[in-house]
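# Analysis of the macromolecular model
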Amino acid sequence: MTHEATLWPRVEALLANVQKPARYIGCEDGAVVPSYEPDTVSWLLVYPDTYEVGLPNQGLQILYELLNETPATAAERSYAPWTDMEQQMRANGVPLFSLETHRPAAAFDLLAFNLSAELVYTNLLNCIDLAGVPVRAADRSPADPLVCAGGHCTFNPEPLADFVDFFVIGDGEEVIAEITAVVRAWKEGGRADRADVLRALAGISGVYVPSLYDVVYDGHLIASVAPRHADVATRVDKRTIADLGAWPYPKNQLVPLTEVVHDRLNVEIFRGCTRGCRFCQAGMITRPVRERPAAQVRQMVSDGLKRTGYDEVTLTSLSSADYSGIKEVVGGIIDDPACSGQVSVSLPSLRVDAFTVGIAGEIQKVRRTGLTFAPEAGTWRMRQVINKLITEEDLYSAVDAAFSQGWRRVKLYFLIGLPTETDDDVLGIAELARRCAEIGRRHTKAATVVASVGGFVPKPQTPFQWFGQVGVEELQRRIWLLKDEMKKIKGAQLKWHDPKASLAEGLASRGDRRMGAVIEEVWRNGGVFQEWSECFQLDRWLAAMDKHGLSPDDHVFRHRERGEILPWAHIGAGLHEDFLWDDWQDALAEAGLPDCRWTPCYDCGACTEFGIEHVVASNVPPAGGSQGTGQDLASGGEVPVKLLATRAVS
Amino acid sequence: MKLRIRFQKLGKVRWISHRDIARCVERAVRRANLPVAYSEGFSPRPRISFGLALPTGAESLAEYLDIDFAANDVDTDAVGASLSGGLPVGLDVTKTAVLPVGTASLQEAVVSCRWEIGVFAANDGLIHDTAWFADAAQKLMAADEVVVTRERKGAIVTDDIRPNIAALSAEARPDGTPIFAAQLHTFPRGIRPAELGIALDLPVARLDVRRTHQWIAPDGALTEPLELDERSNQCLPPITPQPLAVVGVGPTGP
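## Some points on the overall build of chain B
Broken down by element type, chain B carries five helices and 10 strands. Within chain B, the fraction of its 254 residues that count as buried is 33%. Looking at chain B alone, contacts between residues at least 24 apart form 71% of all its contacts between residues at least 6 apart.

The structure is reproduced here in structure tokens:
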């Protein structure tokens, strides 16, 4: 098939009619304009959300660089066009295009989607359709691109099984070269049957080809999931890179010309987390902890700032204050003469303690407006259930430190609708906010405390995967209850997420293959950009469920039982099912589980199963407070965490 | 010391906004490690003043900004080259000069701009009918009043833009493409080429707009804040690759 070499003149003709035309031009510093030869294997990396949200995504940028460094391999990028641009494109017959050379998406060998959030699923379908490629995998011809997806959401790939040819589970750094090699061989062989290349791809560790598995249902349950061929793995285990230091990417972080979220230099300082927060999918599926060597972090920061001209760097990870020697690394950046005192450093997901606030104080000498903490739940009981073992003293000392050091606004993140949650737990959020506001007023009259609550959505591959999500009306009732209480508190505000969106997210998160028909229906009825409140309508989802004979009770609201086949059971995140189940039972027993970096291994499976280990510079917890473990580590004293006898913790 | 910088905006980068340009320039200044003066206060920013905003989507050969330096021994020529190196493709510095103390700001000094306006026809090609251009320009210049209705902050505003139009004529680009050449005053209000398009009853979305000059009038006569000369680093617009083959690949719609 012949494709236009570039759609640019036709794209440009549309730009005066859309908001934010800079979304569609490319031209970022760090962008690679590849050249194409007949033997080039070409990837279009698509982030199925707006340019502003997608551009900073580090996973996509890492793969973009690695692919463009590979001989005879090209990678370009694309993002979901906003609704105004989509309308223009459809009206003028302009297909989805890449940003670097504005080639049509269908001219690429692979369309590779990054899936970081479930509510983008309908955008994935829309992007495939805009590319002019059949939305259902079964309808595609050998001339069509291979459609694949990676990212955290693929730990339950089933809701997208009908639309995606293959999924990549886990870290992508190594596996993409193996995929490229298989696709190259298929191209050289004349791009014959799609089934051939998919079968070959299924032979790669970490690659899941859903069309090679039969799913048998028993009512709303799954009776079996089985590979169709003897040589296809019964369970696809995630890929894990052992040494983050071997992958100092991105080396040329993209610098957008227009404003995006996280518009600053980002350097990943470690991957994985062993805090063990039971609601956190990212923490469960990215184990073990792999720290980047401190010298490499400093080098990446210094090279990155120089190259990009940014005056701000974020040291990214799931809990950056846990990085061994975080204080030294941060100090090194600030004292670097090349940074000339104009660089600010930020740490996402601040740990809740005074030590962390101290670091934040050192690095944010200016612009002290707001600081965010995530206690996640309002009572110690509830925090033991979710294993976020922050004591009230931790929080109050952190908040006191923040206000005393000049911050005027403290934001607190909470989840609502957690397992075993009672009204007392919900009202505990108000109590924490009240105490924090009081502490703030001791330092400044302008002190405000913002409590932000989000409806909890249980995620696959976590101890809460069996939990029946709380319904929309009940969630709303709890939010109103909290709102009434918060109104009485001087200096405190409440913000909350729409509980309706939590239900749709729940359907997409833990649904099985039958959810594909629902996602397609929602998309066909115009439901794109579902994570944007101005575009989201729950009715579309409920009507689609109804039409396809599915009930939210079966797929979201009911508590699942041990022994039932979960839709993602044939995808391996490295965690033993026994570990997850025991941890779920511990949760119900309100028992915490300490961080295994600093306490003996409890054999979750992430290390032992894969023959890899935590890569940390120090086995000693950083100083200060309880470290979110609930233990008084600073004084080496008592251990207030109640541990169940069934655990091999000495 | 202050430097005045003339730069151009050509090609794909025409679609970034005035604010985007400001951010690109700030980053380019830091990349080039220029000894720029910073503002005081909690949130120090490099002291850069930008001239008249260029509408998003328009190209320009004559954009300006003034940079305040913390040092007095700055090599003005080197500043231009190093800034260009840190700016996106299509944004290029063409001239730099030391600004004498007391020089009026760009916002105050610029009295009018010259614009070249090409017009795309419905079939996506440029209109090539030279006579049509001449006729339209003549009619508009002969009118006593040119009333344009536009939306501003949600309200419908109607006003006469004829006083803002100093001149309008039909001309041709070096390749023969006919264009409007318009001289538009910046006072009492700077009208946008799009408004001229409305007055000419043209589809606004299909104009190919390029600012070619900004004029100041220190002694009455019109002159550029910085005239280009043989030392100017003027680049040609980046070449956009043209379509090779067209086939019917496109979205089918849900």
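And the narrative resumes.
## A closer look at the overall build of chain A
Along chain A, the regular secondary structure elements total 20 helices and 19 strands. In terms of overall dimensions, chain A is globule-like: its C-alpha atoms have a radius of gyration of 24 Å, near the 26 Å expected for 650 residues. Principal axes of the C-alpha set define a box for chain A whose edges measure 70 × 60 × 50 Å. Counting the 650 residues in chain A, one finds 55% classified as buried. Restricting to contacts in chain A with at least 6 residues of sequence separation, those with at least 24 account for 77%.

## Digging into helix H16 (residues 499-510) of chain A
Residue and element names in this part refer to chain A. For H16, spanning 12 residues, the distance from its first C-alpha to its last is 17 Å, which sits close to the expected 16 Å at 1.5 Å a residue. Extensive coverage of H16 is indicated by the burial of 11 of its 12 residues. Inspection of H16 places Pro 499, Ala 501, Ser 502, Leu 503, Ala 504, Glu 505, Gly 506, Leu 507, Ala 508, Ser 509 and Arg 510 among the buried residues, and these make up the whole buried set. Residues of H16 that are buried in the fold lie against helix H5 (121-130), strand S17 (448-455), helix H15 (472-487), helix H17 (515-524), helix H18 (538-547) and helix H19 (552-557).

## Section: the sheet that holds strand S16 (residues 409-416) of chain A
Residues and elements named next belong to chain A. The strand order S15-S16-S17-S18 describes an open sheet built from four strands, whose pairing is parallel. Of all strands in the sheet, those bounded by a partner on one side alone are strand S15 (370-376) and strand S18 (492-496). Adjacent strand axes in the sheet meet at a mean angle of 20°, parallel and antiparallel pairs treated alike. Across five bridges, the pairing between S17 and S18 is parallel. Opposite Ala 451, over in S18, you have Leu 494 as the bridge partner. Where helix H13 (residues 392-404) meets the sheet, it contacts S15 and S16, and its direction lies at approximately 175° from that of S15.

## Overview of helix H6 (residues 175-188) of chain A
Residues and elements named next belong to chain A. Its 14 residues give H6 an end-to-end C-alpha distance of 20 Å, which sits within 8% of 20 Å, the value for a rise of 1.5 Å per residue. Along H6, the positions that sit buried rather than exposed are Val 175, Ile 176, Ile 179, Thr 180, Val 182, Val 183 and Trp 186. Viewed end-on, H6 has its buried residues packed into an arc of 165°, placing them on one side of the element. At the C-terminal side of H6, Gly 190 shows a positive phi close to 95°.

## With respect to the packing of helix H9 (residues 294-308) of chain A against helix H10 (residues 326-335) of chain A
All names here are of chain A. Their axes nearest at 10 Å, the elements H9 and H10 cross at an angle of 30°. What the angle tells us is that H9 and H10 run roughly parallel. Both H9 and H10 take part in a crossing whose hand is right-handed. Facing Ala 294, Val 297, Arg 298 and Val 301 of H9, the residues of H10 in contact are Glu 328, Val 329, Gly 332 and Ile 333. In the contact of H9 with H10, the residues fall into five nonpolar, one polar and two charged.

## Focus on the pairing of strand S8 (residues 165-172) of chain B
Residues and elements named next belong to chain B. Bridge count between S8 and strand S9 (residues 178-185): seven bridges; the pairing is antiparallel. In the strand pairing of S9, Ala 172 is matched with Pro 178. Counting the residues between successive antiparallel strands, the hairpin from S8 to S9 contains five residues, one of them, Gly 176, with a positive phi of roughly 95°.

## A short note on the packing of helix H11 (residues 354-363) of chain A against H13 of chain A
Residues and elements named next belong to chain A. Where H11 meets H13, the axes come as close as 8 Å, and the angle between the chain directions of the two elements is 25°. As far as their axial angle goes, H13 and H11 are roughly parallel. Between H11 and H13 lies a crossing whose hand is right-handed. Across the interface between the two elements, Ala 354, Thr 356, Val 357 and Gly 358 of H11 pack against Ser 397, Ala 398, Ala 401 and Ala 402 of H13.

## A word on the environment of Ala 543 of chain A
Residues and elements named next belong to chain A. For Ala 543, the position within the fold is in helix H18. By C-beta crowding, Ala 543 is classed as partly exposed, having 15 other C-beta atoms within 10 Å. Distance from Ala 543 to Glu 521, taken between C-alpha atoms, is 9.0 Å for residues 22 residues apart in sequence.

## A few points about the environment of Trp 584 of chain A
Residue and element names in this part refer to chain A. Checked against the element boundaries, Trp 584 lands in helix H20 (residues 577-588). For Trp 584, a count of 20 C-beta atoms within 10 Å corresponds to the buried category. Put simply, Trp 584 and Gly 563 are 21 residues apart on the chain and 14 Å apart in space, counted from C-alpha to C-alpha. Every residue in contact with Trp 584, bar those within four places of it in the chain, is listed here: Pro 463, Phe 464 and Trp 466.

## Some details on the sheet that holds strand S5 (residues 166-168) of chain A
All names here are of chain A. Reading across from one edge, S2-S1-S3-S4-S5-S6 is the order of the six strands in this open sheet, with mixed pairing throughout. With partners counted over all chains shown, the strands left at the sheet margins are strand S2 (73-79) and strand S6 (207-208), one partner each. By the bridge criterion, two bridges tie S5 to S6 in an arrangement that is antiparallel. Bridge pairing in S6 places Val 168 opposite Val 207.

## A closer look at unusual backbone geometry
With an omega of -5°, the peptide bond between Tyr 249 of chain A and Pro 250 of chain A qualifies as cis. Along the chain, Pro 250 of chain A falls in the loop between strand S9 (236-237) and strand S10 (265-268). In this structure, the amide linkage connecting Phe 187 of chain B to the following residue, Pro 188 of chain B, adopts the cis form with an omega of 0°. Relative to the assigned elements, Pro 188 of chain B resides in the loop between S9 and helix H5 (193-199). Of note, Asn 387 of chain A is a non-glycine position whose phi angle comes to about 60°, a positive value. The residue Asn 387 of chain A is located in the loop between helix H12 (380-386) and H13 in this model. The class for Asn 387 of chain A is buried, based on 27 C-beta atoms found within 10 Å. Even without being glycine, Glu 590 of chain A reaches a positive phi, approximately 60°. The topology assignment puts Glu 590 of chain A in the segment after H20.

About the thresholds
- Residues numbered from 1 in each chain as written.
- Chains lettered and ligands numbered in written order.
- Predicted model: local features only at pLDDT ≥ 70, side-chain atom pairs only at ≥ 80, totals over all residues.
- Helix = DSSP H or I, 4+ residues; strand = E, 2+ residues; numbered from the N terminus.
- Buried ≥ 20, exposed ≤ 12 C-beta atoms within 10 Å, placed from the backbone.
- Contact = placed C-beta atoms within 7 Å.
- Rg over C-alpha atoms; globule rule 2.2 N^0.38 Å.
- Expected span 1.5 Å × (residues − 1).
- Pairing = 2+ DSSP bridges.
- Axes fitted to C-alpha atoms, helices over the stretch in contact; angles between N-to-C directions.
- Arc of directions from axis to C-beta.
- Parallel < 35°, antiparallel > 145°, perpendicular 65-115°, else oblique.
- Left-handed = near helix turned anticlockwise from the far one by under 90°.
- Nonpolar A, V, L, I, M, F, W, Y, C, P; charged D, E, K, R; others polar.

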